[in-house]
Amino acid sequence: MAVQTATAEDLVEEVFLFGRALRNILGGADTSGLPPALLGVLHVLATVGQCRQMELASNLCVSQSSLSRQIADLVDAGFVERHADPEDGRVSLVRLSESGTELLRANRERRAERLRTLLGEWSEEEAHEAVTSLRRLKNTFMTPPVRRAVSDAVSQNQGRTHL
């Protein structure tokens, strides 16, 4: 049986509130001084590895112009390296620098410790169940047709206020 509309609406609300709560709680564990958006770029870049900026923009569901400004800031800070693609010199490849990798390592350790503290009453089994559910939800959201639809919607709605 398909998910009912009311359940989908509840899930949208809970995911939205969960994201807000997670940013508020784990944001305090960040001591890098970087805005959350720039840390997000670094985290995704660490996951995908060296790539074209266009590919990174698609993974982040942001416009290329918005990402270009963020990449410039990260290059200036020494956390990202940018160079011409050897196959097409008109295109830039980006990757984490050693400083960016170290920043993320320290950031992940602080966030993990903060989360361990917050989950002090949880069992390991409960935490694994949460990881499994969140991973399934993320994977559902990240299937190529969904990602393209979200990316298209973001491009069409640049400058509009969102939730």
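These numbers come from a predicted model, not from an experiment. (Residues numbered from 1 in each chain as written. Predicted model: local features only at pLDDT ≥ 70, side-chain atom pairs only at ≥ 80, totals over all residues. Heavy atoms only, no water.)

Enquirer: So what exactly am I meant to see when it comes to unusual backbone geometry here?
Expert: What is expected of a backbone is that most residues other than glycine have negative phi and most peptide bonds are trans. Although it is not a glycine, Cys61 sits at a positive phi angle of roughly 60°. Here Cys61 is to be found in the loop between helix H3 (53-60) and helix H4 (64-77). (Helix = DSSP H or I, 4+ residues; strand = E, 2+ residues; numbered from the N terminus.)

Enquirer: For this particular structure, what's the right way to read the packing of helix H2 (residues 36-48) against helix H5 (residues 98-118)?
Expert: Each pair of packed helices can be summarised by the angle the axes make with each other and by the distance between the axes. Where H2 meets H5, the closest approach of the two axes is 11 Å, and the angle between their N-to-C directions is 105°. Judged on the interaxial angle alone, H5 and H2 are roughly perpendicular. Here Leu39, Leu42, His43 and Ala46 of H2 lie close against H5, whose contacting residues are Leu103, Leu104, Asn107, Arg108 and Arg111. (Axes fitted to C-alpha atoms, helices over the stretch in contact; angles between N-to-C directions. Parallel < 35°, antiparallel > 145°, perpendicular 65-115°, else oblique. Contact = heavy atoms within 4.5 Å.)

Enquirer: Explanation requested: the side chain of Ser63 in the structure shown.
Expert: Among the secondary structure elements, Ser63 is positioned in the loop between H3 and H4. Here the side chain of Ser63 touches Ser65 through a polar contact of 3.3 Å, side chain to side chain. (Polar contact = N/O pair within 3.5 Å; in protein donor to acceptor, adjacent residues only side chain to side chain.)

Enquirer: Explanation requested: the side chain of Gln53 in the structure shown.
Expert: Following the sequence through the fold, Gln53 ends up in helix H3. Aside from chain neighbours lying at most four places away, what touches Gln53 is Gln64, Leu67, Ser68, Ile71, Arg82, Ser92 and Val94.

Enquirer: Help me understand the nonpolar core, please; the structure alone is not making it clear to me.
Expert: Buried together is how nonpolar side chains tend to be arranged in soluble globular proteins. Among the nonpolar cores identified, the biggest contains 18 residues, and Leu34, Leu42, Leu56 and Leu74 are the most heavily contacted of them. Only H2, H3, H4, strand S3 (88-96) and H5 provide two or more residues apiece to this core. Here this core gets five residues from one element, more than from any other, and that element is H2. The residues touching Leu74, leaving out its near neighbours within four places in the chain, are Leu34, Leu38, Val41, Leu42, Phe79 and Val80. (Core = buried A, V, L, I, M, F, W, Y, C linked by side-chain atoms within 4.5 Å. Buried < 20%, exposed > 50% of the residue type's maximum accessible area, 1.4 Å probe, protein only.)

Enquirer: What should I look at first to understand the sheet that holds strand S2 (residues 80-85) in this one?
Expert: Backbone hydrogen bonds are what pair the strands of a sheet, in a parallel or an antiparallel way. Pairing is antiparallel in the open sheet, where three strands are placed in the order S1-S3-S2. Unpaired on one side and paired on the other, strand S1 (51-52) and S2 mark the two borders of the sheet. Strand direction decides the pairing type here: S2 and S3, joined by six bridges, are antiparallel. Note on S3: the bridge partner recorded for Arg82 is Val94. Sitting on the sheet, H4 is in contact with S2 and S3, with an inclination near 115° to S2. (Pairing = 2+ DSSP bridges.)

Enquirer: It is not clear to me how a nonpolar patch on the surface should be interpreted in this structure. Could you clarify?
Expert: Together, Leu11, Val15, Phe141 and Met142 make up a nonpolar patch on the protein surface, roughly 310 Å² of accessible area in all. In this structure Phe141 comes out as partly exposed when scored by relative accessible area, which is 41%. (Patch = residues over 30% accessible without salt bridge, like charges linked within 9 Å, V, L, I, M, F, W, Y side chains within 5 Å. Areas by Shrake-Rupley, 256 points an atom, 1.4 Å probe, with all protein chains shown as cover. Salt bridge = Lys/Arg side-chain N within 4 Å of Asp/Glu carboxyl O.)

Enquirer: Hey, could you run me through a negative patch on the surface in this one?
Expert: A contiguous patch of negative charge, built from Glu9, Asp10, Glu13 and Glu14, is present on the exposed surface. Note on placement: Glu9 falls in helix H1 (residues 5-27). (Lys, Arg positive; Asp, Glu negative; His and termini not counted. Charge placed at Lys NZ, Arg CZ, Asp CG, Glu CD.)

Enquirer: What is the right way to look at the pairing of S3 in this model?
Expert: Working note: regular strand, side chains alternate between the two faces of the sheet. As judged from the two bridges shared by S1 and S3, these two strands associate in the antiparallel manner. Residue pairing for S3: Cys51 is matched across the bridge by Val94. Linking S2 to S3, which pair antiparallel, is a turn of two residues.

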